[in-house]
Amino acid sequence: MSVEVLDSSTILAFVEDEEAFDVSIRNRFTQLDTNHDGLLSYKEMLKEFQSLRVFETHFGIDVKTDPIELSQVYDSLFMQFDHDSSGSVDLKEFTVETKRMMLAMVNGLGFLPVQMVLEQDSLLMKAVERESTKVAAVRVPAPTY
């Protein structure tokens, strides 16, 4: 985990960079697909849902959430991804829904930068790393006199 600064433009640029986004999505999908069948089951997606920390409160303090409520939230999230109600999520469904959720974050963040604690392999971290690489590439050295 690390603390990073990002804003909506960081995420939007990452999502709009189809090559970087698609590679990151495929890599994430492959990491989650532990049985290598090309589909994500509820069990495989559960780890990803838990990493979202949907019930974390302010200042990083976790609250004890009712297990039934937590299960309902995870079920609902899975249904969002499982567009065809097949009981599993394929790469296309995963890509479409992840993109939709990231664009929702863009709309929610606005233009002011925020500090966030990010997991090292998260898609948001990939967006920050992509932006950092782009910024470093355009830096012009100071003239020497």
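Just above sits the structure.
This structure is a prediction, so every number in the text was calculated from the model and none was measured.

### Regarding the environment of Phe21
Alright, step 1. For Phe21, the location among the structural elements is in helix H2 (residues 18-32).
Alright, step 2. Considering only alpha carbons, one finds Phe21 and Lys99, 78 residues apart in sequence, at a separation of 8.8 Å.

### Points about the packing of aromatic side chains
Alright, step 1. Applying the stated criterion across every chain, the model contains six aromatic pairs.
Alright, step 2. An angle of 75° between the planes, with centres 5.6 Å apart, marks the rings of Phe14 and Phe21 as edge-to-face. Side by side, Phe14 and Phe21 carry an identical accessibility label, which is buried.
Alright, step 3. Summarising the aromatic geometry, the rings of Tyr42 and Phe78 are spaced 5.5 Å apart at their centres and angled 70° between planes, so their arrangement reads as edge-to-face. Taken together, the residues Tyr42 in helix H3 (residues 42-51) and Phe78 in helix H4 (residues 67-81) connect sequence positions 36 residues apart.
Alright, step 4. For Tyr42, a relative accessible area of 26% translates into the label partly exposed.

### Here we look at the nonpolar core
Alright, step 1. One finds Ile11, Leu40, Met45, Phe49, Phe94 and Met102 to be the most contacted residues of the largest nonpolar core, which totals 25 residues.
Alright, step 2. Sorting the residues of this core by element identifies helix H1 (8-16), H2, H3, H4, helix H5 (91-109) and helix H6 (123-138) as the ones contributing at least two each.
Alright, step 3. By residue number, the principal contributor to this core is H6, which donates five residues.

### Observations regarding the side chain of Glu97
Alright, step 1. Mapped onto the elements, Glu97 comes out in helix H5.
Alright, step 2. On the accessibility criterion, Glu97 (3% relative accessible area) is buried.
Alright, step 3. Separated by 2.5 Å, the side chains of Glu97 and Arg100 make a polar contact.
Alright, step 4. If we ignore the near neighbours within four places in the chain, the residues touching Glu97 are Gln80, Phe81 and His83.

### Some remarks on the environment of Ser8
Alright, step 1. With respect to the element layout, Ser8 can be found in helix H1.
Alright, step 2. For the pair Ser8 and Asn107, spaced 99 residues apart in the sequence, the C-alpha separation amounts to 7.2 Å.
Alright, step 3. The residues contacting Ser8, other than those within four sequence positions of it, are Val106, Leu109, Gly110 and Phe111.

Conventions and cut-offs
Residues numbered from 1 in each chain as written. Predicted model: local features only at pLDDT ≥ 70, side-chain atom pairs only at ≥ 80, totals over all residues. Heavy atoms only, no water. Helix = DSSP H or I, 4+ residues; strand = E, 2+ residues; numbered from the N terminus. Phe/Tyr/Trp six-rings, centres within 6.5 Å; stacked < 30°, edge-to-face > 60°. Buried < 20%, exposed > 50% of the residue type's maximum accessible area, 1.4 Å probe, protein only. Core = buried A, V, L, I, M, F, W, Y, C linked by side-chain atoms within 4.5 Å. Polar contact = N/O pair within 3.5 Å; in protein donor to acceptor, adjacent residues only side chain to side chain. Contact = heavy atoms within 4.5 Å.

These values are about where atoms sit, not about what they do.
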